[in-house]
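Below are the chains, spelled out letter by letter.
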Amino acid sequence: MNIERIETIDSTNEELIRRGREGAMPQVLIAKEQTAGRGRLGRTWVSKKGDGLYMSILVRPDIPLEKAPLLSLIMGLAAHDAVKEATGIDTRLKWPNDLVIDGKKVAGILASSEIEGSRLKFVVIGIGINMFQELFPEEISATATSLRLNGAKFNREDLENSIVKSFNRYYDIFIREESFRAFTEEYNSLTVNVGRRVRVIEPGNEYEADSMGVNEDGELLVRLDNGEIKTIRSGEVSVRGVYGYV
Ligand code: BTN
């Protein structure tokens, strides 16, 4: 897969969505800076030059529409392995799309799918990793961290290449099996969401439950206080710890 590195762009996700609409082939785009970086749930992703890794991957998988969100989880696994390989840091995953170190967010993932009729046309999966920040804005300083703040010494390009390599490895298995089954055990062993009391925040609905981990479809299972088990699909949902971010 071709990797293109550029200095600045509004958002690597938006750029690959534009290219995808014009029929572009699968590719990787990495920018040093984003002027309109996008986060989940309509938030912005502050993307100053040199601070972070800003990367998006465009793929055209021939899979059912409802499986597209699994690509965010695949990226989470790939980024976990790549960060470990390049820096030695063993991050945890926070379903559905964050990487954390000691309970603080070090990376976030945002995927967008485009459909044509009832078919998936393409998916863009973007990842932002906090690499070199030493200070965060007040609003997120309690919940954000960077690789540098955790003492990592690493080569930026090695980390980028490693993410692409790991993503491709997981992606090939996922496409072949058309399922998340092969990764469920690994995902659950890495996620901080297992066995915790969580607050589930859905549009217009918020409740507490005990998190049990993900199932073979990459959905989060939670046990409500009345004993009922609920399946949560990623999408417009966020899951937090009862006492904080994790
Ligand atoms: C989140 O809210 O946690 C997701 C953040 C995703 C940020 C990355 S940076 C590269 C890509 N381009 C964007 O505009 N967003 C993603």
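One can find the structure itself at the top, above this paragraph.
Attention in this report is confined to the structure presented alongside it. Owing to the predicted nature of the structure, the values given are computational and were not obtained by experimental measurement.

The rules we used
Residues numbered from 1 in each chain as written. Predicted model: local features only at pLDDT ≥ 70, side-chain atom pairs only at ≥ 80, totals over all residues. Heavy atoms only, no water. Buried < 20%, exposed > 50% of the residue type's maximum accessible area, 1.4 Å probe, protein only. Helix = DSSP H or I, 4+ residues; strand = E, 2+ residues; numbered from the N terminus. Contact = heavy atoms within 4.5 Å. Pairing = 2+ DSSP bridges. Axes fitted to C-alpha atoms, helices over the stretch in contact; angles between N-to-C directions. Core = buried A, V, L, I, M, F, W, Y, C linked by side-chain atoms within 4.5 Å. Parallel < 35°, antiparallel > 145°, perpendicular 65-115°, else oblique. Left-handed = near helix turned anticlockwise from the far one by under 90°. Nonpolar A, V, L, I, M, F, W, Y, C, P; charged D, E, K, R; others polar. Polar contact = N/O pair within 3.5 Å; in protein donor to acceptor, adjacent residues only side chain to side chain. Phe/Tyr/Trp six-rings, centres within 6.5 Å; stacked < 30°, edge-to-face > 60°. Lys NZ or Arg CZ within 6 Å of the ring centre and 35° of its normal.

1. Here we look at helix 1 (residues 12-21)
Moving on, step 1. The buried fraction of helix 1 amounts to seven of the ten residues, a majority that puts the element mostly inside the structure.
Moving on, step 2. Buried residues of helix 1: Thr-12, Asn-13, Glu-15, Leu-16, Ile-17, Arg-19 and Gly-20, and no others.
Moving on, step 3. Taken together, the buried residues of helix 1 touch strand 1 (2-9), strand 2 (27-34), strand 3 (52-59), strand 6 (104-116) and strand 7 (119-130).
Moving on, step 4. One or two residues past the end of helix 1 sits Gly-23, with phi positive at roughly 95°.

2. Considerations on the sheet that holds strand 10 (residues 220-223)
Moving on, step 1. An order of 11-10-9-8-12 is seen for the five strands of this open sheet, with the pairing classed as antiparallel. A single partner strand is all that each edge strand has here, and the edge strands are strand 11 (229-232) and strand 12 (238-241). On average, each strand axis in the sheet is inclined to that of its neighbour by 45°, with strand direction left out of account.
Moving on, step 2. Strand direction decides the pairing type here: strand 8 (residues 197-202) and strand 9 (residues 205-214), joined by six bridges, are antiparallel. Bridged to Arg-197 within strand 9 is Asp-210.

3. A short note on the nonpolar core
One broad rule of soluble globular proteins: the nonpolar side chains tend to lie buried together.
Moving on, step 1. Trp-95, Ile-129, Leu-147, Leu-159, Phe-167 and Phe-180 are the most contacted members of the largest nonpolar core, which has 57 residues in total.
Moving on, step 2. The biggest single contributor to this core is helix 2 (residues 70-87), with ten residues.
Moving on, step 3. When sequence neighbours within four positions are dropped, the list of residues in contact with Leu-147 reads Val-83, Thr-87, Ile-89, Ile-101, Val-106, Ile-129, Asn-130, Met-131, Ala-152, Phe-154 and Leu-159.

4. So, the packing of helix 2 against helix 3 (residues 156-177)
Moving on, step 1. In the contact formed by helix 2 and helix 3, the axes pass within 8 Å of each other and the chain directions differ by 140°. Here helix 2 is positioned oblique relative to helix 3, judged by the angle of their axes. The hand of the helix 2/helix 3 crossing is right-handed. In contact with Leu-70, Leu-71, Ile-74, Met-75, Leu-77, Ala-78, Asp-81, Ala-82, Val-83, Glu-85 and Ala-86 of helix 2, helix 3 contributes Leu-159, Ser-162, Ile-163, Lys-165, Ser-166, Phe-167, Arg-169, Tyr-170, Tyr-171 and Phe-174.
Moving on, step 2. Looking at side-chain class alone, the contact of helix 2 with helix 3 contains 15 nonpolar, two polar and four charged residues.

5. Some details on the sheet that holds strand 3
Moving on, step 1. With mixed pairing, the seven strands of this open sheet are ordered in space as 1-2-3-7-6-5-4. Because the sheet does not close on itself, it has two edges, and the strands there are strand 1 and strand 4 (92-94). In this sheet, neighbouring strand axes are inclined to one another by 20° on average, regardless of whether the strands run parallel or antiparallel.
Moving on, step 2. Where strand 5 (residues 98-101) lies against strand 6, four bridges are found, and the strand directions are antiparallel. Bridge assignment links Val-100 to a residue of strand 6, and that residue is Lys-105.
Moving on, step 3. The strands that helix 1 touches are strand 1, strand 2, strand 3, strand 6 and strand 7; relative to strand 7, the one it contacts most, it runs at about 160°.

6. Things to note about the environment of Arg-119
Moving on, step 1. As for its placement among the helices and strands, Arg-119 is situated in strand 7.
Moving on, step 2. What makes Arg-119 exposed here is its relative accessible area of 52%.
Moving on, step 3. For the pair Arg-119 and Gly-235, spaced 116 residues apart in sequence, the C-alpha to C-alpha distance is 18 Å.
Moving on, step 4. Within the local environment of Arg-119, its side chain forms a polar contact with the side chain of Asp-62, the two groups lying 3.4 Å apart.

7. Observations regarding the side chain of Ser-11
Moving on, step 1. Within the fold, Ser-11 resides in the loop between strand 1 and helix 1.
Moving on, step 2. A distance of 3.0 Å separates a polar atom in the side chain of Ser-11 from the backbone nitrogen of Glu-14.
Moving on, step 3. Apart from residues no more than four positions distant in its own chain, Ser-11 is found in contact with Gln-34, Ala-36, Gly-37 and Arg-38.

8. Considering the packing of aromatic side chains
Moving on, step 1. Under the counting rule described, the total for this entry stands at five aromatic pairs.
Moving on, step 2. Taken together, a centroid distance of 5.4 Å and an interplanar angle of 5° make the contact between Phe-132 and Phe-154 stacked. One end of the pair, Phe-132, is in the loop between strand 7 and helix 3; the other, Phe-154, is in the loop between strand 7 and helix 3, and 22 residues separate them in sequence.
Moving on, step 3. Among the residues examined, Phe-132 registers a relative accessible area of 23% and is labelled partly exposed.
Moving on, step 4. With a relative accessible area of 16%, Phe-154 lands in the buried category.
Moving on, step 5. Taking the centre distance of 5.6 Å and the plane angle of 25° together, the rings of Phe-167 and Tyr-171 count as stacked. One end of the pair, Phe-167, and the other, Tyr-171, are both in helix 3, four residues apart, so they sit about a helical turn from each other. Just as Phe-167 is buried, Tyr-171 falls in that class too.
Moving on, step 6. Linked through ring pairs, Tyr-170, Phe-180, Phe-183 and Tyr-187 together constitute an aromatic cluster.
Moving on, step 7. We note Arg-169 situated over the ring of Tyr-170; from NZ or CZ to the ring centre the distance is 5.3 Å.

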